[in-house]
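# Notes for the structure review
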Amino acid sequence: MSLDSLKSRVPDYAKDLKLNLGSVIGNSDLPAQQLWGTVLATAIASRSPIVLRELAPEAKANLTPEAYTAAKSAAAIMAMNNVFYRTRHLLSDHEYGTLRAGLRMNVIGNPGVEKVDFELWSFAVSAINGCGLCLDSHEQVLRKAGVDREVVQEAFKIASVIQAVGVTLDAEALLAE
């Protein structure tokens, strides 16, 4: 199971996705930990069993055990936060924004890896989950930490390609039944 195996599963009509998958992962300028943490967190967020099965072993091989766990933690906490904060933001009654969240988010304060890496992974997951409030929040933290816009864009390019590959392969699997 690997990136090459995943690319081989992409149908011909989605050739652009295959090429983009090779490009955003295979030719990324991100450091290995940022790259593979982003890949793992977004593979989880894509909800595609096929994508996760293919990419998780390669991510595990390229990450420390702490980073592997932290990337999974980013996907988990953002699955909750993206729904909560997106909903608060979308409600026309802005009083909800003044209420205490009351949800535990300890992992954000102590993720077990560099804060910038965890923020990048959280940002990428938020791109898939479509929470504008979370995207803005994580992007601001990244930029204040000195992360270039090109790095931030790299994260959401990875997220977009992994999500598209997941949707395509899951649809093909259903159509084949």
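Residues numbered from 1 in each chain as written. Predicted model: local features only at pLDDT ≥ 70, side-chain atom pairs only at ≥ 80, totals over all residues. Heavy atoms only, no water.

## Observations regarding the overall build of the protein chain
Let me state the cut-off plainly: Helical segments are the DSSP runs of H or I of at least four residues, strand segments are the runs of E of at least two, and each set is numbered from the N terminus. Our radius of gyration is a C-alpha quantity, and the globule rule it is checked against amounts to 2.2 Å times the number of residues to the power 0.38. Any residue under 20% of the maximum accessible area for its type is buried, any over 50% is exposed, and the rest in between are partly exposed; the area is computed with a 1.4 Å probe on protein chains only. Between two residues, a contact is recorded if the distance between any of their heavy atoms is within 4.5 Å. Only the protein chains shown count as covering a residue, and every accessible area follows the Shrake-Rupley method with a 1.4 Å probe.
From N to C terminus, the protein chain includes nine helices and zero strands. For the protein chain, the α and β elements follow one another from N to C terminus as α-α-α-α-α-α-α-α-α. The C-alpha atoms of the protein chain give a radius of gyration of 16 Å, which matches the 16 Å a tight globule of 177 residues would have. With the principal axes as the frame, the protein chain shows a C-alpha extent of 50 × 35 × 25 Å. Going through the 177 residues of the protein chain one by one, you find that 43% of them count as buried. In the protein chain, the proportion of contacts linking residues at least 24 apart, taken out of those at least 6 apart, comes to 73%. When the accessible area of the protein chain is evaluated, it comes to approximately 9,400 Å², of which 52% is carbon and sulfur surface.

## Considerations on the nonpolar core
The following threshold applies: To form a nonpolar core, buried Ala, Val, Leu, Ile, Met, Phe, Trp, Tyr and Cys residues must be joined to one another through side-chain atoms within 4.5 Å.
The biggest cluster of nonpolar side chains holds 52 residues, and the ones touching the most others in it are Trp121 and Val165. Contributions of two or more residues to this core are made by helix H1 (3-9), helix H2 (15-26), helix H3 (32-45), helix H4 (49-62), helix H5 (65-90), helix H7 (115-129), helix H8 (132-144) and helix H9 (149-176).

## A short note on the UniProt feature "active site" (unreviewed entry) in the protein chain
Stated precisely, the cut-off is as follows: UniProt positions are given in the numbering used here, feature names are shortened, and annotations may be inferred rather than shown by experiment.
UniProt marks Cys131 and Cys134 with the feature "active site" (unreviewed entry), using the numbering shown here. Inspection of the secondary structure puts cysteine 131 in the loop between H7 and H8. Among residues more than four places away in sequence, those in contact with cysteine 131 are Asn82, Tyr85, Arg86 and Ser126. Position of cysteine 134 among the secondary structure elements: in helix H8. Those residues in contact with cysteine 134 that sit more than four places away from it in its chain are Met78, Asn81, Asn82, Tyr85 and Ser126.

## Digging into H5
Counted only if it meets this: An expected span of 1.5 Å times one less than the residue number is assigned to each helix. Two axes are fitted around each residue, one to the seven residues ending there and one to the seven starting there, and the angle between them is reported as the bend at that residue.
The end-to-end C-alpha separation of H5 is 37 Å, in line with the 38 Å expected for 26 residues at 1.5 Å each. Helix geometry: H5 is bent most strongly at methionine 78, by close to 30 degrees. Restricting attention to buried positions, one finds in H5 the residues Ala67, Tyr68, Ala70, Ala71, Ser73, Ala74, Ala75, Ile77, Met78, Asn81, Asn82 and Arg88. Residues of H5 that are buried in the fold lie against H3, H4, helix H6 (106-109), H7 and H8.

## Quick word on unusual backbone geometry
Although it is not a glycine, arginine 47 adopts a positive phi angle of roughly 65 degrees. Summarising the element assignment, arginine 47 is placed in the loop between H3 and H4.

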